[in-house]
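# What the coordinates show
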Amino acid sequence: MKILGPFLVLLLKLFHAACGQIPSQKIINRIGALLGGINFTLQRGRRHTALTNLERILGDQYSPAERKTIARQSFNSVSSVYFEIFWDPERHGRKFSDWAPIEGLEHLQRAHQLGKGVVIATPHIGNWAVAARAIIQEGYSIGGLHRPSAIPAVRDHFNQTLHQVGIHPTHTPLPPGGFQNILNQIAEGMVFVVVSDRRSNDYLLDFLGYPAWTAHGVATLHLRSGAPLLVCYSVREGDHHRVVIEPPIEHQPSGDVQKDTVQILQQVNDRFSEIIRRYPQQWLWLHDRWRGRRKSQPWAAADQVDQSPQ
């Protein structure tokens, strides 16, 4: 492990340096398409998952050939993500604001002016890290959840890299007191971003027309902190990204925490569903989103049916 760690860090540094030399977003898109095609061919299990998900959700809108094209484009999108995280447009003569302009910035500004911090829910569409970087460019402090590597040298490298781009990660699983630390950061004005469309064990809710296990994180942070909850996403459009910040999730607390949590999460899922149907080529279809809950973990949805789609 002592030898492997520094070697992997060296490879990561070389990769970051290579990303910095890519001349344009168009070239990144081409690299993503090349690697996406390779992964689509070789990763049969992921390809099957993507095609199964697409048939379930979009089978009545697209033909099998069209769904296969969307699946392939989804692989392309995922393959471009890491190159974009470390790409600096200003090194190649482009303003960051031209590469990733923000639509709806006024929603974030008004929410942040309330003085309670902000919680942002974002889906795995386009490049969610570019959205975070765009918000940082506007002068906001960004936090988020990050599962660190088990290799100390790699973990330290990623921590340093994330801090360099302005992202302050909180490692998961959370240590004792970790959740309170996040609440403290939000109270101090941090914009805390949570990628919120992964399968979890918490609540079985509608997502794109089918029940899917949904994590409670953003709803709990919103309810416990009192910070506004916004939805934000980033999609690729030719040679640039378009970052969209939507109006806050509106919810009037009832005093019933579980009821409030379910209602908030359903609103988030509904917002995500609209976005994904608008840009299906850029969502993470290869994630097994509608799979049953993990049996090794408890679930909190006492008022939900313990049944997942077949």
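What counts, and where the lines are drawn
Residues numbered from 1 in each chain as written. Predicted model: local features only at pLDDT ≥ 70, side-chain atom pairs only at ≥ 80, totals over all residues. Heavy atoms only, no water. Axes fitted to C-alpha atoms, helices over the stretch in contact; angles between N-to-C directions. Helix = DSSP H or I, 4+ residues; strand = E, 2+ residues; numbered from the N terminus. Parallel < 35°, antiparallel > 145°, perpendicular 65-115°, else oblique. Contact = heavy atoms within 4.5 Å. Nonpolar A, V, L, I, M, F, W, Y, C, P; charged D, E, K, R; others polar. Buried < 20%, exposed > 50% of the residue type's maximum accessible area, 1.4 Å probe, protein only. Pairing = 2+ DSSP bridges. Polar contact = N/O pair within 3.5 Å; in protein donor to acceptor, adjacent residues only side chain to side chain. 1 Å grid on protein atoms, 1.4 Å probe; cavity = no way out; pocket = protein on both sides within 12 Å on 5 of 7 lines; lining within 4 Å. Points joined across faces, edges and corners; volume = space filled by probe spheres on them.

## Here we look at the packing of helix α1 (residues 4–21) against helix α8 (residues 152–164)
Contact geometry for α1 and α8: axes closest at 8 Å, N-to-C directions at 30°. Relative to α8, α1 is oriented roughly parallel. Touching Gly-5, Pro-6, Leu-8, Val-9, Leu-12, Lys-13 and His-16 of α1 are Ala-153, Val-154, His-157, Phe-158 and Thr-161, all from α8. Of the residues contributing to the contact of α1 with α8, the split by class is 7 nonpolar, 4 polar and 1 charged.

## Concerning the pairing of strand β2 (residues 118–122)
Taken across its 5 residues, β2 has 5 buried, putting it largely inside the fold. Neither face of β2 is exposed, since Val-118, Ile-120 and Thr-122 on one face and Val-119 and Ala-121 on the opposite face are all buried. Relative to strand β5 (residues 191–195), β2 runs parallel, the two being bridged by 5 bridges. The partner of Ala-121 across the bridge, within β5, is Val-194. Where β2 lies against strand β8 (residues 229–237), 3 bridges are found, and the strand directions are parallel. Each residue of the ladder has a partner; that of Ala-121, found in β8, is Val-231.

## Section: the environment of Asp-202
Among the structural elements, Asp-202 can be located in strand β6 (residues 199–207). Accessibility expressed as a relative area gives 14% for Asp-202, which makes it buried. In sequence terms Asp-202 and Asp-156 are 46 residues apart; their C-alpha atoms lie 31 Å from each other. At 3.5 Å, the side chain of Asp-202 and the side chain of Ser-200 are in polar contact.

## Thoughts on empty space enclosed by the protein
This model, assessed by the stated rule, comprises 1 cavity of 30 Å³ or more. The computed volume of the largest cavity comes to approximately 40 Å³. Contributing to the lining of the largest cavity are Ile-120, Thr-122, Trp-128, Ala-131, Ala-132, Ile-135, Val-193 and Cys-232. Those elements that place two or more of their residues in the lining of the largest cavity are β2 and α7 (128–137). Broken down by element, the residue count for the lining of the largest cavity peaks at 4 residues, all from α7. In terms of residue class, the lining of the largest cavity is made up of 7 nonpolar, 1 polar and no charged.

## Digging into the pairing of β8
Taken across its 9 residues, β8 has 8 buried, putting it largely inside the fold. With 6 bridges joining them, β8 and strand β9 (residues 240–245) adopt antiparallel strand pairing. Following the sheet pairing, Arg-236 is matched in β9 by His-241. Between the antiparallel neighbours β8 and β9 lie 2 residues, among them Gly-238 with a positive phi of about 65°.

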